[in-house]
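Letter by letter, the chains look like this.
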Amino acid sequence: LFSPGRGLFVYTPFALLGALGAVKAVRERDAIGMQVLAGLLAYVLLAGTWQAWWGGKSWGYRIITEILPGLFLLAAAPAIAWARAGGARRAALVATICGSFLVNFVGARYYPRIESRGLEEDRKAAWSLSDNELVACLHALGASVGRRLGPPGRRRRGECRRPEGGARRHAEDGIAGDGRKRRD
């Protein structure tokens, strides 16, 4: 759950609100919430007994993605309360949601496709702060942003240049946006 290379709370910070919802369900003796929590705990414990608990060569906590609906159900009450509270709690809610989207965006866009190095080395990478897929993807994002934010007025290698006038020129020439001649 907390592994830097595969942890649920690292790859989906919003899930931390699910943990708060679980505490609330137990404190208030909410029968449905406690049943959801029992199912989640049973599933996580079962997945944890597997020799490759981190999910092998997959993105994030893929082996326990099935717990997300229940976790988000538990997260609903704290998320609503934090949104209504405003201030620091609302900012924290927005940060967890944005963090979750960012982490999964970089995984979808920049997944490094690193070859498996064997069971023991992959397990070590799951606990590494610097040698895991998330770090590789964040580095790739930084490099991509750095290339796009280079010095102004300089075209970088492989970059397309937009023709002068763009859409305005086409409109004056009677060409539709898809490149065909317009019929007036």
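Read on for a plain summary of the structure. (Residues numbered from 1 in each chain as written. Predicted model: local features only at pLDDT ≥ 70, side-chain atom pairs only at ≥ 80, totals over all residues. Heavy atoms only, no water.)

## A short note on the nonpolar core
So, step 1. Ranked by internal contacts, the top residues of the largest apolar core, which has 23 residues, are L8 and L74.
So, step 2. Breaking this core down by element, the ones donating at least two residues are α1 (8-11), α2 (16-27), α3 (31-48), α4 (68-85), α5 (87-110) and α7 (133-148).
So, step 3. Not counting the four nearest positions on each side in its chain, L74 is found in contact with L17, G18, G21, A22, A25, G33, V36, L37 and L40.
So, step 4. Ranked by size, the runner-up nonpolar core spans six residues in total, among them F14, A75, A79 and L93. (Core = buried A, V, L, I, M, F, W, Y, C linked by side-chain atoms within 4.5 Å. Buried < 20%, exposed > 50% of the residue type's maximum accessible area, 1.4 Å probe, protein only. Helix = DSSP H or I, 4+ residues; strand = E, 2+ residues; numbered from the N terminus. Contact = heavy atoms within 4.5 Å.)

## Remarks on α3
So, step 1. Under the 1.5 Å per step criterion, the end-to-end length of α3 is 26 Å for 18 residues, consistent within 8% with the ideal 26 Å.
So, step 2. Along α3, the positions that sit buried rather than exposed are G33, V36, L37, L40 and A47. All buried residues of α3 fall inside an arc of 100° around its axis, so they share one side. Turned more than 90 degrees away from the buried face of α3, the exposed residues are Q35, L45 and L46.
So, step 3. Of the surrounding elements, those touching the buried residues of α3 are α2 and α4. (Expected span 1.5 Å × (residues − 1). Arc of directions from axis to C-beta.)

## Thoughts on the packing of aromatic side chains
Aromatic ring pairs are reported here in terms of the distance separating the ring centres and the angle at which the planes meet.
So, step 1. Enumeration over the complete set of coordinates arrives at two aromatic pairs.
So, step 2. Taking 5.4 Å as the distance between ring centres and 70° as the angle between the ring planes, the aromatic pair formed by F14 and F72 counts as edge-to-face. Of the two residues, F14 sits in the loop between α1 and α2 while F72 sits in helix α4, which places them 58 residues apart along the sequence.
So, step 3. A relative accessible area of 15% means that F14 is categorised as buried. (Phe/Tyr/Trp six-rings, centres within 6.5 Å; stacked < 30°, edge-to-face > 60°.)

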